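Residues per chain are reported as follows:
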Amino acid sequence: MGRDVIIACDFASGEETLAFLDRFTGKKPFVKIGMELFYAEGPQIVRQIKARGHKIFLDLKLHDIPNTVKKAMAVLSHLDVDMCNLHAAGTKAMMEAALEGLTRPDGTRPLLIAVTQLTSTDEQRMKDELLISASLPETVMHYAENAKAAGLDGVVCSPLEAAIVKERCGKEFVTVTPGVRFADSAKDDQSRITTPEKAREIGSDYIVVGRPITQAEDPVAAYERCLKGFVG
Ligand code: C5P
């Protein structure tokens, strides 16, 4: 598995997304399609982007009873994406069912990655509202270990957590890390951030980069800068 930069295509329409991708003449960046675009355009936007030759991370964060997730993953497996995800909070049974559903008759499947605790959930809310009394880092690591035990390929985590996840779950366990910014650019609403160079040093496998590329004056140059810093 090679390191790569995944562009978060957080656009409201297929038209906008395809116009953005048109700028990358001759290049086929790995792209992330999230709920907003998927719910607006349906599965056809995934097929369209795939047909253009891009790798796709379908970020739909499934979380339901095991049987429902298994069946939904079986449907998603036909879309031929390269990576998809779910919430580790759905339990090991749900994650195992998801893997089963995602695996095609020939044994192939996309990478399956777990979301541990969303970065929007802080420790206080976790304690007060979810009644989870362990610390936030402990919860994140425990969920990562559950994902590993269920047979998943890795987790979404902060780049600053990637090294510890690798220590606990093995270096082959994939870390997908958002929250990446150039040293000289705006943080937007991200707080625990790092640069592409630092993410590489810490050991992320994939960085997910949105606004520093999508909102750049020259998105292709910003993407190249990320690649250079992260992949070398
Ligand atoms: O624009 P920006 O680089 O902040 O985009 C990061 C992407 O990663 C967004 O699509 C965001 O939803 C996603 N993400 C995140 N933090 C997480 C999980 C996902 O920023 N913990």
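Provided above is the structure to which this section pertains.
## As for the environment of V155
Moving on, step 1. Within the secondary structure, V155 is located in strand β6 (residues 154–156).
Moving on, step 2. In the structure, V155 is positioned 135 residues away from F20 in sequence and 28 Å away in space, judged by C-alpha atoms.
Moving on, step 3. Beyond its immediate chain neighbours, meaning those up to four positions away, V155 contacts I113, A114, T116, A144, A147, V165, F173, V174, T175 and V176.

## Some thoughts on the pairing of strand β7 (residues 174–177)
Moving on, step 1. Alternating residues of β7 divide into V174 and V176 and T175 and T177, and every residue in both groups is buried.
Moving on, step 2. Both β6 and β7 contribute to a ladder of three bridges, which runs parallel. What sits directly across from G154, in β7, is V174.
Moving on, step 3. After leaving β6, the chain enters helix α8 (residues 162–169) and then returns to the sheet as β7, a path that is right-handed.
Moving on, step 4. Inspection of the sheet shows β7 paired to strand β8 (residues 206–209) by two bridges, in the parallel sense.

## Quick word on the sheet that holds β8
Moving on, step 1. The eight strands lie next to each other as β1-β2-β3-β4-β5-β6-β7-β8, forming a closed barrel whose pairing is parallel. Pairwise comparison of adjacent strand axes, ignoring direction, gives a mean angle of 25 degrees for this sheet.
Moving on, step 2. Bridge count between strand β5 (residues 111–115) and β6: three bridges; the pairing is parallel. Bridge pairing in β6 places V115 opposite V156.
Moving on, step 3. Along the sheet, helix α3 (residues 43–51) contacts β2 (30–34) and β3 (56–62); its crossing angle with β3, the most-contacted strand, is approximately 155 degrees.
Moving on, step 4. Against the sheet, helix α11 (residues 219–230) engages β1 (4–8) and β8, with an angle of about 145 degrees to β1.

## Brief notes about the pattern of salt bridges
Moving on, step 1. Inspection of the entire model under this criterion finds 16 salt bridges.
Moving on, step 2. Two residues, E224 and K27, come together in a salt bridge whose shortest N-O distance is 3.5 Å. In this pair, E224 is assigned in helix α11 and K27 in the loop between α1 (14–22) and β2, connecting sequence segments 197 residues apart.
Moving on, step 3. K27 gets classed as partly exposed once you look at its relative accessible area, which sits at 30%.
Moving on, step 4. Here R168 and E145 are joined by a salt bridge, their closest N and O atoms 2.8 Å apart. Here E145 lies in helix α7 (residues 136–149) and R168 lies in helix α8, a separation of 23 residues in the sequence.
Moving on, step 5. A single network of salt bridges, built from pairs that share partners, joins K32, D59 and K61.

Parameters at a glance
- Residues numbered from 1 in each chain as written.
- Predicted model: local features only at pLDDT ≥ 70, side-chain atom pairs only at ≥ 80, totals over all residues.
- Heavy atoms only, no water.
- Helix = DSSP H or I, 4+ residues; strand = E, 2+ residues; numbered from the N terminus.
- Contact = heavy atoms within 4.5 Å.
- Buried < 20%, exposed > 50% of the residue type's maximum accessible area, 1.4 Å probe, protein only.
- Pairing = 2+ DSSP bridges.
- Right-handed = clockwise from strand over helix to strand, strands pointing away.
- Axes fitted to C-alpha atoms, helices over the stretch in contact; angles between N-to-C directions.
- Salt bridge = Lys/Arg side-chain N within 4 Å of Asp/Glu carboxyl O.

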